[in-house]
Amino acid sequence: MSWQAYVDTNLVGSGKVSKAAILGQAGGVWATSPGFALSAEEQAAILKAFDSPDAVQASGIRAAGDKYFTLVAGERSVYGKKQADGIIIVKTKQAILVAVYQAPIQAPEATPVVENLADYLIGVGY
């Protein structure tokens, strides 16, 4: 399956994620949904978030021009909120999944979709 298919089918296609991207840990965007453009600065900050979770917890996270208040920041996952919308960022062995959900979708609906795809990718070496 192509990286774009993971975004289109597994993430956005689930109906629980509005926009998504897959970044390579070495840099670059592997796949993204239409209209979800992460700037080079945003990509760098997302990659760095896993090295310094305390910093992202204090400053929040930006994606596609939107700033999210950080709820959880750990070695594997970063969760953020912007009013009724939210962001889920999960690190695998080689990639970082970035998924945005919008109201009326809630975090408990979207989070398992992203985390389960991350588990699958980790299981197959990505």
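My aim in this report is to walk through the structure given alongside it, one point at a time. Everything numeric here is computed off the predicted structure, so don't read it as measured data.

**Quick word on the side chain of Glu115**
- With respect to the element layout, Glu115 can be found in helix 4 (residues 107-123).
- Discounting residues that sit within four places of it in the chain, Glu115 has contacts with Arg76, Ser77, Tyr79 and Val90.

**A closer look at the sheet that holds strand 1 (residues 19-24)**
- Pairing in this open sheet of 7 strands is antiparallel, and the strands run 2-1-7-6-5-4-3 from one edge to the other. Looking at which strands have only one partner, the edges of the open sheet turn out to be strand 2 (29-32) and strand 3 (61-63). Direction aside, the axes of adjacent strands within the sheet are offset by 25 degrees on average.
- The pairing of strand 1 with strand 7 (residues 95-101) spans 6 bridges and is classified as antiparallel. Of the residues in strand 7, the one forming a bridge with Gly24 is Ala95.

**A few points about the pairing of strand 1**
- Among the 6 residues that make up strand 1, 5 are buried, leaving the element largely enclosed by the rest of the structure.
- Sheet topology places strand 1 next to strand 2; 3 bridges connect them, and they run antiparallel. The residue bridging Ile22 from the neighbouring strand is Ala31, located in strand 2.
- Connecting the antiparallel pair strand 1 and strand 2 is a turn made up of 4 residues, with Gly27 showing a positive phi of about 110 degrees.

Criteria and thresholds
Residues numbered from 1 in each chain as written. Predicted model: local features only at pLDDT ≥ 70, side-chain atom pairs only at ≥ 80, totals over all residues. Heavy atoms only, no water. Helix = DSSP H or I, 4+ residues; strand = E, 2+ residues; numbered from the N terminus. Contact = heavy atoms within 4.5 Å. Pairing = 2+ DSSP bridges. Axes fitted to C-alpha atoms, helices over the stretch in contact; angles between N-to-C directions. Buried < 20%, exposed > 50% of the residue type's maximum accessible area, 1.4 Å probe, protein only.

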